[in-house]
Amino acid sequence: MQNSFLPLNTRRFQQRAQVETPDTVTWDRLAEPEILKEHNTIDYLDFSPTDPDNFVVTCSVRVQIYNLVTMLVVNNLSRFQKTAYGATFRQDGRLLAAGDEEGHVKLFDTTSRNILRLFKGHTAPVHRTFFTADKLHLASFGDDKSVRLWDVANEKVVQTYEDTHTDYVRAGAMHPQAGHMFVSGGYDGKINLYDTRAETAVQRTLDHGAPVESMLFLPNGSIFVSAGGRQVRVWDLISGCRLLTMMSQHHKTVTCLRLGSDIRRLLSGGLDRHVKIYDVSTYKTVKTLTYPNAVVSMAVANGDQAVVAGMVDGLVSIRRMMVDSKPSDLKKIRADSARKYFTSKKRTNNTQEVDHTIKDRVKGPGLKYYDVQLRMFNHKKALDDVMNAQKMGNQPELVVAVITDLLHRGSLGKALTGRQEAVYVRFIDFICNHLGETRFIRPLMMAARTVMDVFEQRLVAYSQKLMKALQRLSLAMQEEVRLTAELMRMKGAVNMLIGISMDNSEVVHKPTYVEAKTPMMHPSEAAQNYVVLVE
């Protein structure tokens, strides 16, 4: 009897340190990182919109397109005299634009690696370039404190905004649906909203509060996000660029922003070696990824197939999403070979054949005093052991575990019968204090009913102190009933809204682009005459 009695299980009532959510399950499926090594800081990363297996890496004087599967270089665009910056694909994946330290913006054909256009006008390095939604124009953001809009076909500047910032402009984002709207962020902490159709180009000027490092629009175009300093700010474009929320989860400067999980998750990377993942509906952190060095650039493949992060020391970390949490064939081969090796080694070391090996028994924890009393069916002593003030205040899960065990035995009523009034008051106060906790509510509701059954059998008069305790129990029960009814009404309202939205078939669609059949673009005269001088 003594050996077969198990200690009371109190862990099921303990507060969990981390609740398992769909996000933790999803992002825990990221495999171990595969590393690429470059010679300098990884300035920018971007995935091809048409071929999700290809991503571009901007580093030093080279722009390289890698294949995600083979980890090999597909194209090497090395037509740069000085450092290249911010290479990004066009929406159709056929063209790629990049700035450089000379102040030029170069347009490449991703298949032939030829320079098709060479845009000259900036007097300082150009760190970011982005295509407009109509794919006809290209915006560049430079260290000369200016923003320029270029015509891709004619190789001419359309608009120049020179007095909008007072410091380097190293961040920007294009409206995903309206080709005439875009935003820019500078090291002066200002964010400007542009509309090329209006007489006054800058429609709004916002204050981020720190040098802006990265920006992006959500696909519906009504919300844009800015990152700089240790903050990520969310702005509502529809309501006059109102600040919706601000996240300060990073300990150092936030350097890059990306969208993932079909636009339902927002990712931010920073110099604190962390990538934070936020839920776009609530803007709460759902997962944190840790890297060996400061993260300065990041890209997410379509469907979260991979998360690629570039670091300040030239490392590129590629973490693929494992399907059904299964390891790769390479890991299976390694595991099988290791198992065969150790099996053969054991056979060589053993001189005598054995049928099977009995593992050593792991000795469990000893029985507590209340376990001993429960084993001996001394239910009152077991309840007395956990009803002292220290355990009721610091270990409520222990008290509830004993109460649950007595309820299962049908002995809680007997354990409470014939007690002094001080014990009843202490027991009732414990129920009132912890009745609202989800982990305790079911056993404590049954314990409250048992208390009422015990008092129903007593025919003696109650003291004033005991009557007040019973009144507190009544008020606590009424509050729980009221809260439950309110939550049920809220649930009904939410279900009605969901039903109406499903009836109206309101589905959020990704922005579509009109594919115009344009003739093949040929290199301009300036692009043909551009020569890279090798020292």
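Residues numbered from 1 in each chain as written. Predicted model: local features only at pLDDT ≥ 70, side-chain atom pairs only at ≥ 80, totals over all residues. Heavy atoms only, no water.

As named in an unreviewed UniProt entry, the protein is U3 small nucleolar RNA-associated protein 15 homolog, taken from Drosophila sechellia. The UniProt entry for the protein carries the following text under Subcellular location (unreviewed entry): "Nucleus, Nucleolus". (UniProt positions renumbered as here; feature names shortened; annotations may be inferred.)

Draft legend 1. Here's a closer look at the sheet that holds strand β5 (residues 73-77). Taken together, four strands build an open sheet; the order of strands is β2-β3-β4-β5 and the sheet is antiparallel. Among the strands making up the open sheet, the edge pair consists of β2 (42-47) and β5. Neighbour-to-neighbour, the strand axes of this sheet turn through a mean angle of 20 degrees, independent of strand direction. By the bridge criterion, five bridges tie β2 to strand β3 (residues 54-59) in an arrangement that is antiparallel. Bridge assignment links Leu45 to a residue of β3, and that residue is Val57. (Pairing = 2+ DSSP bridges. Helix = DSSP H or I, 4+ residues; strand = E, 2+ residues; numbered from the N terminus. Axes fitted to C-alpha atoms, helices over the stretch in contact; angles between N-to-C directions.)

Draft legend 2. Main features of the packing of helix α4 (residues 379-386) against helix α6 (residues 396-409). Where α4 meets α6, the axes come as close as 9 Å, and the angle between the chain directions of the two elements is 160 degrees. By the angle between their directions, the pair α4 and α6 is classed as roughly antiparallel. Considering only the axes of α4 and α6, their crossing is left-handed. Contacts between α4 and α6 involve His379, Ala382, Leu383 and Val386 from the first element and Leu398, Val399, Val402, Ile403, Leu406 and Arg409 from the second. Across the contact of α4 with α6, the residue classes break down as eight nonpolar, one polar and one charged. (Parallel < 35°, antiparallel > 145°, perpendicular 65-115°, else oblique. Left-handed = near helix turned anticlockwise from the far one by under 90°. Contact = heavy atoms within 4.5 Å. Nonpolar A, V, L, I, M, F, W, Y, C, P; charged D, E, K, R; others polar.)

Draft legend 3. Broad picture of the nonpolar core. Among the nonpolar cores identified, the biggest contains 40 residues, and Leu383, Ile403, Leu416, Phe427, Ile428, Ile431 and Leu444 are the most heavily contacted of them. Contributing elements (two or more residues each) for this core: α3 (369-375), α4, α6, α7 (412-416), α8 (421-434), α9 (441-456) and α10 (464-503). In terms of residues, this core owes the most to one element, α6, which gives eight residues. If sequence neighbours within four positions are ignored, Ile403 has contacts with Leu383, Leu412, Phe427, Phe430, Leu444 and Ala447. (Core = buried A, V, L, I, M, F, W, Y, C linked by side-chain atoms within 4.5 Å. Buried < 20%, exposed > 50% of the residue type's maximum accessible area, 1.4 Å probe, protein only.)

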